[in-house]
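Notes for the structure review
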Amino acid sequence: MSDSGLSGLHSIEQGFPPAGDESAPRLLVLGSFPSIRSKEKGEYYGHPRNHFWPILAAFAMERGIVLPPGSLDDYSAKIALASSLGLLIWDMVQSCRRQTSADGELEIVALNDIRDLLGQYPSIKWVGLNGALAASLFMRHVVSPENRLLARKALRMAGGRISIEIGGQMRSIMYLPSTSPVPSRNFLSTIDKQHIWFEFLGA
């Protein structure tokens, strides 16, 4: 995309490959791009205050899944947890330039091919959009033009969902509250977000 602005000051950063259930996932979560802290650790949702992994752990425990002690301190155990829930994790942005972790400051260079991924995984029935930027990019670059207006209306706020054809079959798309630790007007804590995330994870 644009070569202006930050392009002369910052090198291009690459995102992570998909992680989680890579055999037959039923759920796909799409974020925007790993935070600076996540890139430093080489982990999805690596910021210690991000709500993603605590929400997954809370859902697993509600379903009676016993987690080994220290599971949220070990990345391989976190990925194993995602896999046990049938969850695949990826991001909308493949590469970008930036100064901070804020989504609004990303200078997007390239996007991941989400349609191709969904074509590879017909087992994915639900796609969760983690936050506003992921939802906006998905709407513009993945949803077909004939479905875009309807999808925008259905996904205008967290908890919204719609079933549309993507990658050769019908998928249910859900707009999830961002797991960022930064509070918003409607979602101040992990608990505030859990009921919507639990609906998605239990779909």
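Structure: see above.
In what follows, the accompanying structure is described. All figures in this text were calculated on a predicted structure; none of them were measured in a lab.

Some points on helix H3 (residues 75-84)
Here H3 has its buried residues at Lys78, Ile79, Leu81 and Ala82. Down the axis, H3 shows its buried residues gathered within 155 degrees of arc, on one side only. As for H3, its buried residues are in contact with strand S2 (19-20), helix H2 (52-62) and strand S4 (87-91). Just downstream of H3 lies Gly86, where phi reads positive at about 75 degrees.

Some points on the sheet that holds strand S5 (residues 93-97)
The strand order S1-S5-S6 describes an open sheet built from 3 strands, whose pairing is antiparallel. Pairing within the sheet leaves two strands with one partner each, and these edge strands are strand S1 (13-14) and strand S6 (107-111). Strand direction decides the pairing type here: S5 and S6, joined by 4 bridges, are antiparallel. Paired with Ser95 across the strands is Ala110, a residue of S6.

Concerning the pairing of S4
Across the 5 residues that make up S4, a large majority, 5, are buried. The alternating pattern of S4 places Leu87, Ile89 and Asp91 on one face and Leu88 and Trp90 on the opposite face, and all of these are buried. Looking at chain direction, S2 and S4 are connected through 2 bridges and run antiparallel. Bridging from a neighbouring strand, Ala19 pairs with Ile89 of S4. Both strand S3 (residues 27-31) and S4 contribute to a ladder of 5 bridges, which runs parallel. Looking at the pairing, Leu27 lines up with Leu87 of S4.

Observations regarding the environment of Ile12
Turning to its location among the elements, Ile12 is positioned in the segment before S1. Using a relative accessible area of 39% as the deciding quantity, one classes Ile12 as partly exposed. When near neighbours in sequence (up to four residues on either side) are disregarded, Ile12 contacts Ser95, Cys96, Arg97 and Val109.

Describing the nonpolar core
The biggest cluster of nonpolar side chains holds 61 residues, and the ones touching the most others in it are Leu28, Leu87 and Phe138. Per-element accounting of this core gives the leading share, 8 residues, to H2. Setting aside residues no more than four positions away along its own chain, Leu87 makes contact with Ala19, Gly20, Asp21, Leu27, Leu28, Val29, Phe52, Leu56, Ala82, Phe200 and Leu201.

Here's the deal with the environment of Ser11
The topology assignment puts Ser11 in the segment before S1. The sequence separation of Ser11 and Arg98 amounts to 87 residues, and the corresponding C-alpha distance is 8.4 Å. Setting aside its immediate chain neighbours within four residues, Ser11 contacts Cys96 and Arg97.

How each quantity is defined
- Residues numbered from 1 in each chain as written.
- Predicted model: local features only at pLDDT ≥ 70, side-chain atom pairs only at ≥ 80, totals over all residues.
- Heavy atoms only, no water.
- Buried < 20%, exposed > 50% of the residue type's maximum accessible area, 1.4 Å probe, protein only.
- Helix = DSSP H or I, 4+ residues; strand = E, 2+ residues; numbered from the N terminus.
- Arc of directions from axis to C-beta.
- Contact = heavy atoms within 4.5 Å.
- Pairing = 2+ DSSP bridges.
- Core = buried A, V, L, I, M, F, W, Y, C linked by side-chain atoms within 4.5 Å.

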